[in-house]
Amino acid sequence: MPTVPPTPITPPDEHVVTAREALEPLYERLELHTEATLLSAAMEAGWPADEATKALAALRLQDALNILGREN
(Lines give C-alpha, C1' and ligand atoms only; values in the text may rest on other atoms or scores of the structure.)
Protein backbone atom coordinates (compact mmCIF):
# COMPACT_ATOMS: atom_id res chain seq x y z
CA MET A 1 0.00 0.00 0.00
CA PRO A 2 1.43 3.43 -0.89
CA THR A 3 2.23 5.71 2.00
CA VAL A 4 1.18 9.30 2.20
CA PRO A 5 3.94 11.70 3.10
CA PRO A 6 3.24 13.59 6.33
CA THR A 7 1.82 17.08 5.97
CA PRO A 8 4.14 19.58 7.57
CA ILE A 9 2.54 21.60 10.35
CA THR A 10 3.36 25.28 10.31
CA PRO A 11 4.26 26.59 13.77
CA PRO A 12 2.16 29.52 15.08
CA ASP A 13 4.98 32.03 14.66
CA GLU A 14 5.16 31.28 10.91
CA HIS A 15 1.45 31.64 10.05
CA VAL A 16 0.53 34.25 7.46
CA VAL A 17 -2.67 35.15 9.34
CA THR A 18 -3.55 35.02 13.00
CA ALA A 19 -6.05 32.52 14.38
CA ARG A 20 -8.47 35.40 14.89
CA GLU A 21 -8.16 36.49 11.25
CA ALA A 22 -8.76 32.93 10.12
CA LEU A 23 -11.81 32.42 12.38
CA GLU A 24 -13.42 35.86 12.10
CA PRO A 25 -15.37 35.32 8.83
CA LEU A 26 -16.90 32.08 10.10
CA TYR A 27 -17.66 33.64 13.49
CA GLU A 28 -19.47 36.56 11.81
CA ARG A 29 -21.53 34.25 9.57
CA LEU A 30 -22.52 32.12 12.57
CA GLU A 31 -23.41 35.22 14.57
CA LEU A 32 -25.63 36.58 11.78
CA HIS A 33 -27.31 33.20 11.30
CA THR A 34 -27.92 32.82 15.04
CA GLU A 35 -29.31 36.34 15.36
CA ALA A 36 -31.66 35.86 12.41
CA THR A 37 -32.87 32.53 13.80
CA LEU A 38 -33.50 33.96 17.28
CA LEU A 39 -35.29 37.06 15.99
CA SER A 40 -37.41 34.98 13.64
CA ALA A 41 -38.41 32.63 16.46
CA ALA A 42 -39.29 35.53 18.75
CA MET A 43 -41.43 37.22 16.10
CA GLU A 44 -43.16 33.94 15.23
CA ALA A 45 -43.99 33.67 18.94
CA GLY A 46 -45.67 37.07 18.71
CA TRP A 47 -43.04 39.46 20.01
CA PRO A 48 -42.62 42.76 18.14
CA ALA A 49 -39.33 43.02 16.22
CA ASP A 50 -38.09 45.98 18.30
CA GLU A 51 -38.66 44.14 21.59
CA ALA A 52 -37.00 40.99 20.27
CA THR A 53 -34.03 43.03 19.03
CA LYS A 54 -33.65 44.76 22.41
CA ALA A 55 -33.91 41.44 24.27
CA LEU A 56 -31.25 39.90 22.03
CA ALA A 57 -28.97 42.91 22.55
CA ALA A 58 -29.43 42.59 26.32
CA LEU A 59 -28.55 38.89 26.17
CA ARG A 60 -25.42 39.63 24.13
CA LEU A 61 -24.38 42.34 26.58
CA GLN A 62 -24.90 40.06 29.57
CA ASP A 63 -22.92 37.31 27.86
CA ALA A 64 -20.04 39.70 27.12
CA LEU A 65 -20.04 40.98 30.71
CA ASN A 66 -20.01 37.41 32.02
CA ILE A 67 -17.06 36.54 29.79
CA LEU A 68 -15.16 39.65 30.86
CA GLY A 69 -15.88 38.87 34.51
CA ARG A 70 -14.42 35.38 34.14
CA GLU A 71 -11.18 36.72 32.67
CA ASN A 72 -10.42 38.92 35.67
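So, how was this worked out
- Residue positions are counted from 1 within each chain, in the order its sequence is given.
- Local features in this predicted model are restricted to residues whose pLDDT is 70 or higher, and side-chain atom pairs enter the listing and the counts only when it is 80 or higher, whereas totals over whole chains, interfaces and linings include all residues.
- The basis for the side-chain values is all heavy atoms of the structure; hydrogens and waters are excluded.
- Each helix is a run of H or I in the DSSP string that is no shorter than four residues. Each strand is a run of E no shorter than two, and both are numbered from the N terminus.
- The reference for a compact globule is 2.2 Å times residues^0.38; the radius of gyration itself is calculated from the C-alpha atoms.
- The Shrake-Rupley method, run with a 1.4 Å probe, gives the accessible areas here. Residue values count only the displayed protein chains as cover.
- Residues forming no salt bridge and having over 30% relative accessible area are the ones grouped into patches, like charges within 9 Å of each other and nonpolar side chains (Val, Leu, Ile, Met, Phe, Trp, Tyr) within 5 Å.
- Here a salt bridge means any side-chain nitrogen of Lys or Arg lying within 4 Å of a carboxyl oxygen belonging to Asp or Glu.
- When charges are counted, Lys and Arg contribute as positive and Asp and Glu as negative, whereas His and the chain ends are disregarded.
- In plain terms, the charge of a residue is placed at NZ if it is Lys, CZ if Arg, CG if Asp and CD if Glu.
- Under the scheme applied here, a residue whose accessible area is under 20% of the maximum for its type counts as buried, over 50% as exposed, and between as partly exposed, the area being computed with a 1.4 Å probe on protein chains only.

Draft legend 1. Spotlight on the overall build of the protein. Across its full length, the protein carries two helices and zero strands. Taken over C-alpha atoms, the radius of gyration comes to 20 Å for the protein, far larger than the 11 Å a tight globule of 72 residues would show. Along the three orthogonal principal directions, the C-alpha set of the protein runs to about 60 × 40 × 20 Å. Of the accessible surface of the protein, which amounts to about 6700 Å², a share of 64% is contributed by carbon and sulfur atoms.

Draft legend 2. Spatial organisation of a negative patch on the surface. On the surface, a cluster of negative charge is made up of Glu21, Glu24, Glu28 and Glu31. By the secondary structure assignment, Glu28 is in helix H1 (residues 19-44).

Draft legend 3. Representation of the pattern of salt bridges within the structure. Under the counting rule described, the total for this entry stands at one salt bridge. When the shortest N-O distance is used, the salt bridge between Glu35 and Arg60 registers 2.9 Å. Of the two residues, Glu35 is situated in helix H1 and Arg60 in helix H2 (residues 49-71); the sequence distance between them amounts to 25 residues. On the accessibility criterion, Glu35 (26% relative accessible area) is partly exposed.

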